[in-house]
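Inside the fold
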Amino acid sequence: MSSPFTTIEAFNDAINGPTEGAIYTFAQSPVINAIALIASAGLFIWFIVSTYSGHDSKSSSVDKSLEHLSTFFIVGFLSLMAAEYRQRPQATLTAKAIDAEQSIQYSQQQSTQQQFAQQRVSPPERLSAKATRQQSIAPLGLLGMLGIGANPLRQLGKRGRRKKRSPRGYSRRL
Amino acid sequence: MTPESQEFLATFVSESYYYWASVFMILIHVGFLAYEGGASRAKNVLATMVKNLLTLSIVGLTFFFFGWWVYNAFPLFPLQGGIVGPWTDPNSEGVVGEVLGLVQASYPWSPALGPNVADNLTGVFWFAFSLFAMTTASILSGAVIERIKVGAYAILAVVLGSFTWVVAAAWGWNPYGWFLTQFGYHDFGCSAVLHGVAGFFALGVLINLGPRVGKFDAAGRPKAILPHNLPLTMVGLMLIFVGFYAFLAACVIYLPGQTGEITIYGTPMTLASIGVSTTLALCSGITGAYISSKADPFYTISGGLAGIISVGAGLDLYSPAIVILISFIGAYTMPFVGSAVEKAGIDDAVGAFAVHGYCGVIGAMAVGVMATGYPQGDGIPLTGFLGQLVGTIVCTVILGFIPGYGVSLVLKKLGMLRVSPEEELSGLDLAEFGQEGYPEYPIVAAQNGRATAPVAPVPQAGIQV
């Protein structure tokens, strides 16, 4: 059943129920909606890719810029995966640091040096927040760099190949 | 603020809400006029647009004469009771008594429909429903362009707009309707109740009407008859989209004294979610049709409508991500249905069956798959596949295809359905109005499907230096 409710009373009183007002399908099992969301994003990527495909029946060739787009998607995906991988160890370290600081804070509160303890706690928290921000910015920065850099690199590669081919006389044959 | 003024304010909010939603629904008809006018050939543009204009008059008046009564009188028939009307015992109690009160307010001679300070709401609901009815008939008008007689279209529009779809609404879009009370049917945005009925009705008519001259070659292969103004068609569909937001907003029930918005089935909902879901369905539908039709402009923009209709029935229940998936699937598959209809030798000029009929079925049945188990009242079955299937079959086959096929067959036998081949070749604008839609512009005869090119008079007065 995709309904989060079994009785009309529960449906009408959804605001006080376990879904806290949500009455939409699968509100009681968010994982299904999460999967649907990922599938929706996949359909959108399919749409973007299809805008580069040849629609004219006379030319069935695929637009060359599709290669850039594919590269963008793949690198972006890998970047996000990498960010996720790096965030997990960092989160563990941050949690450990917070635990340690809390124990220090507790002991210092016990020794009536509360103000001093707060000063000691603050810097590591600021550092961990800064690190988290850097982590979230990293994949975006990587995507931007690749977006800017991919095309010149590709053109450079083409030039390089052209230089190698020219002595063989390919251009003269054409 | 006195209690009386607070009470009036609640009434006025409800009255104003439906009034303005209905006004914006007129944009659907502006859109249909532009859409179908653009989709026709230049020699038929006036006839097509005038036919759309006449739809408002034909359905508006007949809905007043008997359509509104049909909606209120038929919900119990045939499973829970008879048709309620002047013959019903005025002292009836229970459900019949409740329905009788609504029926008495729906007669064309009812004091509730005139200026009446004791009833601000019956009239505004009539206004909204009459525009629903006009929309239904307009779906048929696009499918039959360029060869149907105006009189035949008028008869078919009355049958569809003021009777068959209204019966479907009485059964499936009414708190007393037996689709709901007996089967737990749920169709918030009228996917099958309106679009399914109209799409299948159009299919029945098209079988008897036959294709336009030149649509199929000698071997039966379909040939493209291109719209004379595709940009106008696209603008028309954009206007239909705007009107659809109002249409779906008018499906929300808010009456004085309520503590929240509800559907016609009495279940809770929010207007905000209609805004989100309609927008997502529109966007997703366009992308789906774009991909599957390989960027065909006509199908791509129809995909927006296909997407909305595909989720219409459960628009109040689906999560946003589910809306995107269902509308994408409906719109993605819609062009294939349009092509299949064409290959079957049926000339559906605007893809009305694919967009409304097929996607109407998808929309209603999607509730039976993706929104099952919702309660809609004590003693009423939960939403489910079987309930949706029963409602969808009754709407599309019994109230859609059979009446459309039957009435058009009778008209065909009487020679009242289709214009003569000569009139069709010369164009309906000349045949019906004696003038062209674009008299200043010479039109290449071969491109316009015309046998001989008319000699347009040159305005001599304009050559003055």
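Whatever comes next refers back to the structure up there.
Below is a summary of the structure that appears in this document.

Conventions adopted
- Residues numbered from 1 in each chain as written.
- Chains lettered and ligands numbered in written order.
- Predicted model: local features only at pLDDT ≥ 70, side-chain atom pairs only at ≥ 80, totals over all residues.
- Heavy atoms only, no water.
- Helix = DSSP H or I, 4+ residues; strand = E, 2+ residues; numbered from the N terminus.
- Contact = heavy atoms within 4.5 Å.
- Phe/Tyr/Trp six-rings, centres within 6.5 Å; stacked < 30°, edge-to-face > 60°.
- Buried < 20%, exposed > 50% of the residue type's maximum accessible area, 1.4 Å probe, protein only.
- Lys NZ or Arg CZ within 6 Å of the ring centre and 35° of its normal.
- Axes fitted to C-alpha atoms, helices over the stretch in contact; angles between N-to-C directions.
- Parallel < 35°, antiparallel > 145°, perpendicular 65-115°, else oblique.
- Left-handed = near helix turned anticlockwise from the far one by under 90°.
- Core = buried A, V, L, I, M, F, W, Y, C linked by side-chain atoms within 4.5 Å.

What follows is about the environment of L206 of chain B. Residue and element names in this part refer to chain B. Within the fold, L206 resides in helix α7 (residues 191-209). Taking the C-alpha atoms as reference, L206 lies 43 Å from D89; in sequence the two are 117 residues apart. Setting aside anything within four residues of it in sequence, one finds L206 in contact with A143, V144, R147, I346, D347 and D348.

A few words on the interface of chain B and chain A. If you look at the interface, chain B gives 29 residues, while chain A gives 26 residues. Per-element tally for the side of chain B that touches chain A: the top contributor is helix α11 (residues 320-343) of chain B, with six residues.

Attention now moves to the packing of aromatic side chains. Throughout the structure, instances matching the rule amount to 39 aromatic pairs over all chains. With a centroid separation of 5.4 Å and 80° between ring planes, the pair formed by F47 of chain A and Y290 of chain B is classed as edge-to-face. Of the two residues, F47 of chain A sits in helix α2 (residues 30-51) while Y290 of chain B sits in helix α9 (residues 271-292), which places them in two different chains. Exposure remark for Y290 of chain B: the relative accessible area of 17% places this residue in the buried category. Judged by centre distance (5.8 Å) and plane angle (65°), the ring pair of F129 of chain B and W173 of chain B falls under edge-to-face. One end of the pair, F129 of chain B, is in helix α4 (residues 122-143); the other, W173 of chain B, is in the loop between α5 (150-172) and α6 (178-183), with 44 residues separating them in the sequence. The exposure classification of F129 of chain B matches that of W173 of chain B, with both residues buried. Of the aromatic side chains, those joined through ring pairs into one cluster are F63, F64, F65, W68, Y71, W126, F129, F132, W165, W173, F244 and F247 of chain B. The side chain of K51 of chain B reaches across the aromatic face of Y153 of chain B, ending 4.9 Å from its centre.

It is worth spelling out the packing of helix α10 (residues 297-312) of chain B against α11 of chain B at this point. All names here are of chain B. Interaxial distance between α10 and α11 falls to 8 Å at its minimum, and their mutual angle equals 125°. Considering their axes alone, α10 and α11 lie oblique with respect to each other. Handedness of the α10/α11 crossing: right-handed. Mapping the contact onto sequence places Y299, S302, G303, A306, G307, S310 and V311 in α10 and V323, I326, S327, G330, A331, M334, P335, G338 and S339 in α11.

As a further point, take the nonpolar core. F132, W165 and W173 of chain B are the most contacted members of the largest nonpolar core, which totals 141 residues. For this core, the leading source of residues is α5 of chain B, giving 13 residues.

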